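# Understanding the architecture of this molecule
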Amino acid sequence: MASGGDLTLMILGFLNQRPMHGYELKARLTELSGHLRPVSDGALYPAIARMAAKGLLERHEEEGVAAARRQVLTITAEGREELLRRLREPSELDISDQTRFFALLTFLSALGDPSLQAEVLRSRLAFLEAPTSFFYEGGRPLRAEDTPDPFHRGMLLIARATGAAERQWLEETIAELSAAQVR
């Protein structure tokens with residue numbers, strides 16, 4: 001299930017794009033991360049209620065296509081500011097957790113400022129460059145070459161390859177954003 005932090009970010013991000021009714025919002029959330037972290041009605045609708053109570057979004061009813069009226073959700077000015085704050089100042093978990101980072105990337109264009117976008121990407125790059133592993137021995141991270149277990153080795157090799165690809169993309173995108181600032 002999507003956790004509270006990234007669920008709020010994703011709700012605000014999608015509503016920043018356009019107003020939506022709850023069913024459509026849930027479908028968009030599922031398309032983005034539902035295969036990894038399904039969003040249940042028991043998580044989504046209480047989150048919407050909390051966000052409405054905080055003034056981050058508004059609800060109003062519209063006629064339904066078939067019969068029933070439906071609740072349409074719209075981001076407020078306060079909600080937009082909260083979205084931008086979360087994008088400018090991501091939590092450590094938003095940077096370190098790949099699914100949460102992808103949610104952040106989904107809406108990072110909303111910041112608009114290339115220097116702020118590049119700063120977020122630099123945070124992710126710094127995280128990826130720190131030595132880490134799924135497995136440790138004597139307090140030091142194990143490399144794929146250090147483990148005889150073929151499945152552990154596979155995990156480490158896959159993580160190394162995806163990490164290298166992500167670092168390359170981050171470096172290239174940071175350079176592009178930096179060049180855009182100069183123009």
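Cut-offs used in this document
Residues numbered from 1 in each chain as written. Predicted model: local features only at pLDDT ≥ 70, side-chain atom pairs only at ≥ 80, totals over all residues. Heavy atoms only, no water. Helix = DSSP H or I, 4+ residues; strand = E, 2+ residues; numbered from the N terminus. Contact = heavy atoms within 4.5 Å. Pairing = 2+ DSSP bridges. Axes fitted to C-alpha atoms, helices over the stretch in contact; angles between N-to-C directions. Expected span 1.5 Å × (residues − 1). Buried < 20%, exposed > 50% of the residue type's maximum accessible area, 1.4 Å probe, protein only. Arc of directions from axis to C-beta.

On to the side chain of T8, then. Following the sequence through the fold, T8 ends up in helix α1 (residues 4–17). Non-local contacts of T8, meaning those with residues more than four positions away in its chain, are made with M51 and R86.

Before going further, it helps to examine the sheet that holds strand β2 (residues 57–62). An order of β1-β3-β2 is seen for the 3 strands of this open sheet, with the pairing classed as antiparallel. This sheet does not close on itself; its edge strands, each paired only once, are β1 (20–21) and β2. Examined bridge by bridge, β2 and strand β3 (residues 70–75) share 6 bridges and lie antiparallel to one another. Residue E62 lies in a different strand from β3, and its bridge partner there is R70. Here helix α3 (residues 41–53) sits on the sheet in contact with β2 and β3, set at roughly 115° to β2.

Quick look at α3 now. For α3, built from 13 residues, the straight-helix expectation of 18 Å at 1.5 Å per residue is met to within 8% by its first-to-last C-alpha distance of 18 Å. Those residues of α3 that fall on the buried side of the exposure criterion are A43, L44, A47, I48 and M51. Looking straight down α3, one finds its buried side chains confined to an arc of 125°; they lie on one side. Set apart from the buried face of α3 by more than 90 degrees, the exposed residues are G42 and A53. Positive phi appears at G55, one or two residues downstream of α3, with a value of about 80°.

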